[in-house]
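Spelled out from the first residue to the last, the chains are:
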Amino acid sequence: AFRSLQSNLRASPIGDRITARRADFRDVYLDDESPSSGLILTNPPYGERLMSKERAEDLHFDLADWWREQADFRLAVITGAPDPERYFGEKPRMK
């Protein structure tokens, strides 16, 4: 999936304006060379197939805490979590 994303970005006329990273969000630090605002799109693991429910919940709470530190970035989360507002403190704009 990530290779397809990279290929699509290379083919896109706006691909040079998008940064794609495959990383644990806890290892991503936005610094002075990063844009000051934008959209963070993530697809964290969720479900018993990937990890225990407790670990998945902890991961979502950690993601919410990390996101709150990212200044003016919006966050889009692709998740199977049944109640994402529980983690992020606000209702999703889309489900």
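What comes next concerns the included structure.

Quick notes on the rules
Here the residue numbering is sequential within each chain, running from 1 through the sequence in written order. Residue-level local features of this predicted model are given only where pLDDT is at least 70; pairs of side-chain atoms are given and counted only at 80 or more, and the full residue set underlies all totals for whole chains, interfaces and linings. To obtain the side-chain values, all non-hydrogen atoms of the structure were used and water was disregarded. Going along the chain from the N terminus, every DSSP run of H or I of four or more residues is numbered as a helix, and every run of E of two or more is numbered as a strand. Exposure categories follow from relative accessible area, calculated using a 1.4 Å probe and restricted to protein chains: below 20% of the type maximum is buried, above 50% is exposed, and the middle band is partly exposed. Here, the term nonpolar core denotes a set of buried Ala, Val, Leu, Ile, Met, Phe, Trp, Tyr and Cys residues that are joined through side-chain atoms within 4.5 Å. Residues count as neighbours in contact if any of their non-hydrogen atoms are within 4.5 Å of one another. With a 1 Å grid laid over protein atoms only, a set of points is called a cavity when a 1.4 Å probe fits there but cannot get out and a pocket when it is open yet has protein on both sides within 12 Å along at least five of seven lines; lining residues have an atom within 4 Å of a point. Grid points are joined across faces, edges and corners, and a volume is the space filled by probe spheres set on the points.

1. Observations regarding the overall build of the protein
Along the protein, the regular secondary structure elements total three helices and two strands. The order of helices and strands in the protein, counted from the N terminus, is α-β-α-β-α. Expressed along its principal axes, the backbone C-alpha trace of the protein runs to roughly 40 × 30 × 25 Å. In the protein, which comprises 95 residues, the share counted as buried stands at 25%.

2. With respect to the nonpolar core
Within the largest apolar cluster, 15 residues are counted, with the highest numbers of intra-cluster contacts made by Phe 25, Ile 40, Leu 63, Trp 66, Trp 67, Leu 75 and Phe 88. Mapped onto this core, the elements with two or more residues apiece are helix H2 (53-68), strand E2 (72-77) and helix H3 (85-88). No other element matches the six residues that H2 contributes to this core. Among all residues touching Phe 25, those that are not within four sequence positions of it are Leu 59, Asp 62, Leu 63 and Trp 66.

3. Remarks on the layout of surface pockets
Over the atoms, a rolled probe matching the size of one water molecule traces out where space is still vacant. Empty space within the largest pocket amounts to approximately 1300 Å³. When residues in the lining of the largest pocket are grouped by element, the largest group, six residues, is from strand E1 (residues 37-42).

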